[in-house]
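# A structural walkthrough
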2 protein chains.
Amino acid sequence: MGSGEFDLIARYFAPLAGSDGPAYGLSDDAAILSPPAGYDLIFTKDALVADVHFFSDDPADLVAQKALRVNLSDLAAMGAKPLGYLLALSLPKNMNEIESWVSDFTAGLKKDQDQFGWSLFGGDTVSTSGPLTLSVTAIGTVTKGTALRRSGAKVGEGIYVSGTLGDGALGLKCLKDNIDSPSLIKRYHLPTPRLTLGQKLFGIASSVLDISDGLAGDIAHICGLSGLGASIESKLIPVSDAAGKILESFPAYNDLIWNGGDDYELLFTAPDHMAEKIKDISASLMLPLTKIGHMTDKLEVVILDDKGKNLLQGQRGFRHF
Amino acid sequence: MGSGEFDLIARYFAPLAGSDGPAYGLSDDAAILSPPAGYDLIFTKDALVADVHFFSDDPADLVAQKALRVNLSDLAAMGAKPLGYLLALSLPKNMNEIESWVSDFTAGLKKDQDQFGWSLFGGDTVSTSGPLTLSVTAIGTVTKGTALRRSGAKVGEGIYVSGTLGDGALGLKCLKDNIDSPSLIKRYHLPTPRLTLGQKLFGIASSVLDISDGLAGDIAHICGLSGLGASIESKLIPVSDAAGKILESFPAYNDLIWNGGDDYELLFTAPDHMAEKIKDISASLMLPLTKIGHMTDKLEVVILDDKGKNLLQGQRGFRHF
């Protein structure tokens, strides 16, 4: 890739940094941040590879928004407010119409910068013989000492999820199988990071994470860190109307509800006396918060059907480190 | 790639985070940092792709160290002290002997964590159909308000470089052409980030950057940001004995001295009355700091030979944004 193309990229990215932001319009190779007093900083990093985490021919603005949102979801799970992000972009050497792609991609970044109130702190652009690859490092803030953690669940506490599960994974199935379901496909392309919910859970939830790999795999993280197990009733897992409709036609997809990943809803545990507060938060955010089970002292995760049979096959999604 | 292999990776990476560090042994998907009072934070990010920035069959520990060091060099150019880093690793789906590679790779990370006094804050591991790709986000600290910048050079100021130039690019040539020069090849594999030098340049240098793309391209960044030009005398550019020897046999490689990249030396400008202080720093660090030219008001970069001919061909290296 010639230096001219990198100049092009710089021209599209520099406006996202803002000349008065910590990255000084990307003129230096680094950003300088005076951390706000009284806050902790949260760092998280997720990489996305074309045809693993998104399709090469997905609209570039949606790829940009998804890359930001999976990271924003990690911030949400810590109760953090987004501050800024760094972006590494590996562009295929043989990529066609690079200017138009970069223009759409940066338009997507801009949309989610405006929506979530953060900005570009810096990054790097390289060329690759492989698929388009993105890596985002997200930086957020929480009031000192109030970051939510994955550990801390206790026996008997309720297990809650926000929103509905399985939509992202079913959206992906619809895309692959050419099934017409715009709302599910949109949930796959554009997850909603539950930032406001995360910011309200301090002092209420004993452990929190965002569901990226699927409910079954992700509750196992909470169990592992707490030295506990989880018992979930499948009929309590909230499913959207659109997902319910697809599952009527394709019952074989049912396990995507807990094994599918790409939900980006928050999964949290809380003691029973917090139930009213959780209801209030749900009402104020107009977001369902559903109790789907409870923590146990048996070191295993079970998802039970109506007859008490464990539906889990022991499958697990990708692990992040 | 199965989840078992990702468990393996997690096992090798978790010890690098330290259970009492901000990443809590990587148990959460994010790190929590209480920023030290009185300091600014510096963020920088560089991506490396196999067979673009290093060879697929390079020893894994050297790949790890190079990935950290190119980022440490960016911190050095800001006058920062390393604090921590996040790492995204895209591993080829068909990779052989993954455990042995990851073991060597993490050993390389450990070596440079110990040498430079920083630690792993988090990251992500994904699989790719393309080449192995790394992205590192480095976080450093500087005393509030003392970060070095690329802008600020003034007409007549001296242009200085640390160490010797061209070694990295010539080392790469030696590797490719099977020329025996261990010291140059080592300079290519293991650049030395000039962290201590960077930390001493506040109040002395008017602009600083690290030479990653080659002297000619990088001085153009300083010129662009200052609205100035640069005049450099080729005979003043410091060259190592090993490089001098190779250039005697291969005079065609001569332009790698200013166009080659991979130097990771610091390039800075300073007014003449700082010359003594710069000599003192050079002596205390046992590191050559050589004046190679001066800033001009003609908006161009020239590198002059003995007869006053401009050696620059207008070539430029990759641009970072």
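Bear in mind that the values here come from a model prediction, so they are computed numbers and not experimental data.

On to the side chain of Thr296(B). Residue and element names in this part refer to chain B. Along the chain, the position of Thr296 falls in strand S10 (residues 289-296). Given a relative accessible area of 16%, Thr296 falls into the buried group. Among the polar contacts listed, one links the side chain of Thr296 to the backbone nitrogen of Lys298, at a separation of 3.4 Å. Setting aside anything within four residues of it in sequence, one finds Thr296 in contact with Val155, Leu228, Gly229, Ala230 and Ser231.

Expressed as a screw transformation, the operator carrying chain B onto chain A has a rotation angle of 180° and an axial translation of 0.0 Å, and the superposed copies differ by an RMSD of 0.0 Å. Taken together, these values place the two copies in the relation of a two-fold axis. Considering only C-alpha atoms, the residue of chain B closest to the rotation axis is Gly130(B), which sits at 1.9 Å. Same-surface contact between copies: 98% of interface residues of chain B are shared with the interface of chain A.

Turning our eyes to something else, we now look at helix H7 (residues 215-226) of chain B. Residue and element names in this part refer to chain B. For H7, built from 12 residues, the straight-helix expectation of 16 Å at 1.5 Å per residue is met to within 8% by its first-to-last C-alpha distance of 17 Å. Extensive coverage of H7 is indicated by the burial of nine of its 12 residues. In the stretch just after H7, Gly227 is the one whose phi turns positive, near 65°.

It is worth spelling out the packing of helix H4 (residues 167-177) of chain B against helix H8 (residues 241-249) of chain B at this point. Residues and elements named next belong to chain B. Axis separation between H4 and H8 bottoms out at 10 Å; the angle between their running directions is 55°. The angle between the axes of H4 and H8 places the two elements in the oblique class. Considering only the axes of H4 and H8, their crossing is left-handed. Residues Asp167, Leu170 and Cys174 of H4 touch H8, and the partners they reach there are Ala243, Ile246 and Leu247. When the residues that make up the contact of H4 with H8 are grouped by side-chain class, the tally is five nonpolar, no polar and one charged.

Read from one edge to the other, the open sheet built from five strands follows the order S4(A)-S3(A)-S5(A)-S2(A)-S1(B), with strand pairing classed as mixed. Two strands close off the open sheet at either side, each with one partner strand: strand S4 (119-128) of chain A together with strand S1 (30-33) of chain B. With strand direction ignored, the average angle separating the axes of adjacent strands in the sheet is 15°. Against the sheet, helix H3 (residues 98-116) of chain A touches strand S3 (81-92), S4 and strand S5 (133-143) of chain A, its axis set at about 170° to S3(A).

It is worth spelling out helix H8 (residues 241-249) of chain A at this point. Residues and elements named next belong to chain A. Among the residues of H8, those classed as buried are Ala243, Ile246 and Leu247. Mapping the buried residues of H8 onto a view down its axis gives an arc of 100°, with all of them on the same face. Away from the buried face of H8 by more than 90 degrees, exposed residues Asp241, Lys245, Glu248 and Ser249 are located. In the core, the buried residues of H8 are packed alongside helix H4 (167-177), helix H5 (182-189) and helix H9 (256-259).

Turning our eyes to something else, we now look at the environment of Ser162(A). Residue and element names in this part refer to chain A. In this fold, Ser162 is placed in strand S6 (residues 158-162). Residue classification places Ser162 among the buried positions, given a relative accessible area of 0%. Separated by 90 residues in sequence, Ser162 and Leu72 place their C-alpha atoms 16 Å apart. With residues up to four places along the chain from it excluded, the contact list for Ser162 reads Arg194, Leu197, Glu265, Leu266, Leu287, Pro288 and Leu289. Looking at Ser162, its side chain comes within polar contact range of the side chain of Glu265, at 2.5 Å. Within the local environment of Ser162, its side chain forms a polar contact with the backbone nitrogen of Leu266, the two atoms lying 2.9 Å apart.

A separate point is the side chain of Ser119(A). Structurally, the position occupied by Ser119(A) is in strand S4. Filtering out sequence-adjacent residues up to four positions away, Ser119(A) remains in contact with Leu16(A), Leu83(A), Gly84(A), Tyr85(A) and Gln113(A).

Here we take up the domain arrangement of chain A. All names here are of chain A. We note that the domain assignment places domain 1 (3-143) and domain 2 (158-304) within chain A. Listed per partner, the contact involves 20 residues of domain 1 and 18 residues of domain 2. Regarding the contact of domain 1 and domain 2, the summed buried area is about 1,600 Å², with carbon and sulfur atoms giving 65% of it. A per-residue breakdown of the area domain 1 buries against domain 2 is headed by Phe55, Lys66 and Arg69, which together make up 32% of the total. For the pair domain 1 and domain 2, the number of links is one salt bridge. Applying the counting criterion to the domain 1 and domain 2 interface returns seven residue pairs in polar contact (both at pLDDT 80 or more). At 11 residues, helix H2 (residues 60-77) tops the list of elements feeding residues into the side of domain 1 that touches domain 2. Among the residues making up the side of domain 1 that touches domain 2, the classes are represented as 11 nonpolar, four polar and five charged.

Reading guide: rules and limits
Residues numbered from 1 in each chain as written. Chains lettered and ligands numbered in written order. Predicted model: local features only at pLDDT ≥ 70, side-chain atom pairs only at ≥ 80, totals over all residues. Heavy atoms only, no water. Helix = DSSP H or I, 4+ residues; strand = E, 2+ residues; numbered from the N terminus. Buried < 20%, exposed > 50% of the residue type's maximum accessible area, 1.4 Å probe, protein only. Polar contact = N/O pair within 3.5 Å; in protein donor to acceptor, adjacent residues only side chain to side chain. Contact = heavy atoms within 4.5 Å. Least-squares fit on C-alpha atoms with pLDDT ≥ 70 in both. Expected span 1.5 Å × (residues − 1). Axes fitted to C-alpha atoms, helices over the stretch in contact; angles between N-to-C directions. Parallel < 35°, antiparallel > 145°, perpendicular 65-115°, else oblique. Left-handed = near helix turned anticlockwise from the far one by under 90°. Nonpolar A, V, L, I, M, F, W, Y, C, P; charged D, E, K, R; others polar. Pairing = 2+ DSSP bridges. Arc of directions from axis to C-beta. Domains from an automatic or database assignment. Buried area = accessible area lost by both parts, 1.4 Å probe. Salt bridge = Lys/Arg side-chain N within 4 Å of Asp/Glu carboxyl O.

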